[in-house]
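Now for the letters of each chain:
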Amino acid sequence: QVQLVESGGGLVQSGGSLRLSCVATGRIFSVNNWGWYRQVPGKQRELVARIIRDGSAGYGDFVEGRFTISRDNAKNTAYLQMNSLKPEDTAVYYCNADILVSANYEFEYWGQGTQVTVSS
């Protein structure tokens, strides 16, 4: 059974930094794409950042150069470095991955979410 386990959330002051991690465990052939999303109550989940297999990355417009997504293929892990955090970044952050469980079968997985709270 494949699972995504996030860590690194917490409470930080405005202007501070946090680093989120997401590790994929279980029977994994390889991880194709990683993504980080966030959601606040009453709003739709939105894309924060996404990185594909070759390392190319894309970000939501609100990131404005403050966040960096990266991946460690050997560890089946993705990271989200968040700098210059703002109170409006407060949300539950979810890890997402497209994982090959064998050479021919890919499935999408979600983590359980980690709370990020930025105080003003």
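Scroll up to find the structure.
Thresholds, definitions, all that
- Residues numbered from 1 in each chain as written.
- Predicted model: local features only at pLDDT ≥ 70, side-chain atom pairs only at ≥ 80, totals over all residues.
- Heavy atoms only, no water.
- Helix = DSSP H or I, 4+ residues; strand = E, 2+ residues; numbered from the N terminus.
- Buried < 20%, exposed > 50% of the residue type's maximum accessible area, 1.4 Å probe, protein only.
- Pairing = 2+ DSSP bridges.
- Axes fitted to C-alpha atoms, helices over the stretch in contact; angles between N-to-C directions.
- Salt bridge = Lys/Arg side-chain N within 4 Å of Asp/Glu carboxyl O.
- Phe/Tyr/Trp six-rings, centres within 6.5 Å; stacked < 30°, edge-to-face > 60°.
- Lys NZ or Arg CZ within 6 Å of the ring centre and 35° of its normal.

### Observations concerning unusual backbone geometry
Apart from glycine, the bulk of residues carry a negative phi angle, and the bulk of peptide bonds sit in the trans form. Of note in the backbone geometry, Asn-76 takes a positive phi value of approximately 50 degrees without being a glycine. By the secondary structure assignment, Asn-76 is in the loop between β7 (67-72) and β8 (77-82). Since its relative accessible area comes to 22%, Asn-76 is described here as partly exposed. Even without being a glycine, Ser-84 presents a positive backbone phi close to 50 degrees. As for its placement among the helices and strands, Ser-84 is situated in the loop between β8 and β9 (91-100).

### Considering the sheet that holds β7
For sheets, the rule is that strands pair by backbone hydrogen bonds, running either parallel or antiparallel. Here 4 strands make up an open sheet; going across it, the order is β1-β3-β8-β7 and the pairing antiparallel. Edge positions in the sheet fall to β1 (3-7) and β7, since each of these pairs with one other strand and no more. When strand polarity is set aside, the average angle formed by the axes of neighbouring strands in this sheet is 15 degrees. The pairing of β7 with β8 spans 6 bridges and is antiparallel. The residue bridging Thr-68 from the neighbouring strand is Gln-81, located in β8.

### Observations regarding the pattern of salt bridges
This structure, assessed with the given rule, holds 5 salt bridges. Notably, a salt bridge pairs Arg-38 with Glu-46, separated by 2.7 Å at the nearest N-O pair. Residue Asp-89 pairs with Arg-66 through a salt bridge whose shortest N-O separation is 2.7 Å. Here Arg-66 lies in the loop between β6 (57-59) and β7 and Asp-89 lies in the loop between β8 and β9, a separation of 23 residues in the sequence. Of the two residues examined, Asp-89 and Arg-66, each falls in the buried class. Connected via shared salt-bridge partners are Arg-38, Glu-46, Arg-66 and Asp-89.

### Concerning the packing of aromatic side chains
Applying the stated rule across the entire model yields 1 aromatic pair. Above the ring of Tyr-94, the side-chain terminus of Arg-45 is found at 3.7 Å from the ring centroid. The ring of Trp-110 carries the charged tip of Arg-45 above its face, separated from the ring centre by 4.7 Å.

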